[in-house]
Amino acid sequence: MVETVRRICAVLVDRANYGRMHPVMRAINADADLELLTVCAGTMLLERFGQAEKIVSADGFKIDGRVFLEVEGSIPATMAKSIGLGVIEFSTEFQRLQPDIVLLIGDRYEALAAAIAAAYMNIPIAHIQGGEVSGSIDESARHAITKFAHLHFPSTERSAQFIRRMGERTDSVFNVGCPSGDYIRSLDTELPANLFTKIGVGGALKSDNPFFLVIYHPVTTHFGNERQQVQQLIEGLAELAHPTLWIWPNIDAGADDISKALRTHREHYKAEWLHLVKNLEPITFQKCLKKATCAIGNSSSFIRDSTFSGTPVVLVGERQAGREHGENLTAVRPEKQLIIDAIKAQIAHGRYPVSNLYGEGNASVRIVEKIKNFEPYQQKMLQYVSDY
């Protein structure tokens, strides 16, 4: 047990980030031995992504710092420059806030900037969801954060094994599951009847009727091909013409081309089947995912979070290549007919059994327990150095 209140700085860098972090933040807030500091950064602060920091405040969390770091352009060079700016700005905030531990989640380049800043300032780092495998530059960012981190909270046993094989201390790695499972399992699927008349643009979408849920992010290592790939997805969905809720892509290199393809389709075709939204608050998003007839695209949420509800998923393209998934997922190349066939097969199958692949719904309390009992250290060393 800690003798003084330990200050934990949760860094939130995008909408999905917060969706998985907020159960942990609530658990920290509820513990008298811990003090939560919240820093919002990246697209959390941008209006065109729904300014998700407003959701954080509405949920009752105090925002202690803001880091503006996104260099506009959505090309590889602007992503690299954003990391550099992020290191500078996170250093300033950490110097001001003086946290005892910086808490990061996932694989975003913005989180990598925070990890670099904290590590060089001798602030211990706790990392959630390390050790996973996926496509794009995110995998490299995730493993880099792991090598900067001092305390590891992977979501699966395979991920925990991979972290240990990366040379991390075995007594610092804890397979706790994914925090989003702490609340998804108990959610109902009731949505306000007028929800989609208040948010988003496009065709009329009724929340009490069947709908598809779509997210398609750029694959940064295939920069330049995203317009062609998303066009195949759009045309496949247009042929099916099933009511579809589509959430705008993230800010990664190539995102502008995906957005242009969506806008062009809306301008040239009636597309009454399509409703576009910038962002959904975490509970609403998870209810939509749980309720959806089929989730389609390449978001990691469709792989991870869907296991807690059994929603059928069609994974399109290579952005999540290698990531662990439940039996509810079918993967296809970004080709129109393959996408259509996979969606039809998933609809015919219907919902799948709930899986424990990503945990049993108690990740947050386990994370807080380990943070409270963590003995801070700055100097990292490969675990297997002692063998030589």
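A few points on the structure. Each chain carries its own residue numbering, running from 1 in the written order of its sequence. Residue-level local features of this predicted model are given only where pLDDT is at least 70; pairs of side-chain atoms are given and counted only at 80 or more, and the full residue set underlies all totals for whole chains, interfaces and linings. With hydrogens and water stripped out, all remaining heavy atoms of the structure feed into the side-chain values.

1. Focus: the nonpolar core
Logical step 1: Counting residues in hydrophobic clusters, the biggest one holds 34 residues, and the most contacted among them are Leu103, Phe153 and Ile371.
Logical step 2: At the level of elements, strand E1 (6–12), helix H1 (15–29), strand E2 (34–41), helix H2 (53–58), strand E4 (101–105), strand E5 (125–128), strand E6 (151–153) and helix H14 (363–372) are the ones that each hand at least two residues to this core.
Logical step 3: Counting from the N terminus, the helices are the DSSP runs of H or I reaching at least four residues and the strands are the DSSP runs of E reaching at least two. A per-element tally of this core places H1 first, with six residues.
Logical step 4: By definition, residues are in contact when any of their heavy atoms lie within 4.5 Å. Residues within four places of Leu103 in sequence aside, it is in contact with Ile8, Cys9, Ala10, Val11, Met21, Val24, Ile28, Ala126, Ile128 and Ile371.
Logical step 5: Note on terminology: a nonpolar core comprises buried Ala, Val, Leu, Ile, Met, Phe, Trp, Tyr and Cys residues joined through side-chain atoms within 4.5 Å. Relative accessibility thresholds used throughout: buried, under 20% of the residue-type maximum; exposed, over 50%; partly exposed, between the two (1.4 Å probe, protein chains only). Ranked by size, the runner-up nonpolar core spans 27 residues in total, among them Ile247, Ala292, Ile303 and Val313.

2. Here we look at the side chain of Asp305
Logical step 1: Its location among the elements puts Asp305 in the loop between helix H12 (300–304) and strand E12 (313–316).
Logical step 2: Here the side chain of Asp305 touches Gln286 through a polar contact of 2.8 Å, side chain to side chain.
Logical step 3: Asp305 has contacts with Arg20, Cys178, Ser180, Ile184, Phe285, Gln286, Leu289 and Ser300, leaving out every residue within four places of it along the chain. A 3.5 Å cut-off defines polar contacts: any pair of N or O atoms within that distance qualifies, except that in protein one atom must be a possible hydrogen donor and the other a possible acceptor, and neighbouring residues in sequence count only when both atoms are side-chain atoms.

3. Some words on the sheet that holds E2
Logical step 1: In space, the six strands of this open sheet follow the order E3-E2-E1-E4-E5-E6, with parallel pairing throughout. Lying at the two open borders of the sheet, with one neighbouring strand each, are strand E3 (65–67) and E6. Shown here is a sheet whose adjacent strand axes are inclined to one another by a mean of 25 degrees, direction ignored.
Logical step 2: Pairing of E2 with E3, which is carried by three bridges, proceeds in the parallel orientation. Note that in E3 the partner of Cys40 across the bridge is Arg66.
Logical step 3: Angles shown run from 0 to 180 degrees and are taken between the N-to-C directions of axes, each axis being a line fitted to C-alpha atoms and, for helices, limited to the stretch in contact. This element, H14, spans E1, E2, E4, E5 and E6 of the sheet and lies at about 170 degrees to E6. Here the rule is simple: two strands pair whenever DSSP picks up at least two bridges between them.

4. Considering the packing of aromatic side chains
What characterises a pair of aromatic rings is the spacing of the ring centres plus the angle enclosed by the ring planes.
Logical step 1: Centres within 6.5 Å are what make two rings of Phe, Tyr or Trp a pair, Trp counting through its six-membered ring; a difference in plane orientation under 30 degrees is then read as stacked, over 60 as edge-to-face, and the rest as tilted. Applying the stated criterion to the full structure yields five aromatic pairs.
Logical step 2: When the ring of Phe90 is compared with that of Phe94, the centres are 5.8 Å apart and the planes differ by 25 degrees; the resulting orientation is stacked. You can see Phe90 and its partner Phe94 sitting in helix H3 (residues 76–97), four residues apart, about one turn around the helix.
Logical step 3: Residue class for Phe90 comes out buried when judged on its relative accessible area of 0%.

5. Topic: unusual backbone geometry
Logical step 1: At Ser74, a position not held by glycine, the phi torsion is positive, near 50 degrees.
Logical step 2: Inspection of the secondary structure assignment puts Ser74 in the loop between E3 and H3.
Logical step 3: The backbone of Asn122 sits at a positive phi, close to 60 degrees, despite the residue not being glycine.
Logical step 4: Its location among the elements puts Asn122 in the loop between helix H4 (109–120) and E5.

6. Concerning the sheet that holds strand E11 (residues 294–297)
Logical step 1: Here we have seven strands laid out as an open sheet, ordered E7-E10-E9-E8-E11-E12-E13, and mixed in their pairing. Single-partner strands in this sheet number two, and they are strand E7 (201–202) and strand E13 (329–332).
Logical step 2: Alignment of E7 against strand E10 (residues 274–277), held across two bridges, turns out to be antiparallel. Following the sheet pairing, Val201 is matched in E10 by Leu276.

7. Description of the pairing of E12
Logical step 1: Of the two faces of E12, the one holding Val313 and Leu315 and the one holding Val314 and Val316 are both buried throughout.
Logical step 2: Two elements, E11 and E12, share three bridges in a ladder whose sense is parallel. Bridging across to E12, Ile296 finds its partner in Val314.
Logical step 3: Alignment of E12 against E13, held across four bridges, turns out to be parallel. Bridge pairing links Val314 to Thr330 in E13.

Distances and angles like these do not, on their own, reveal function.
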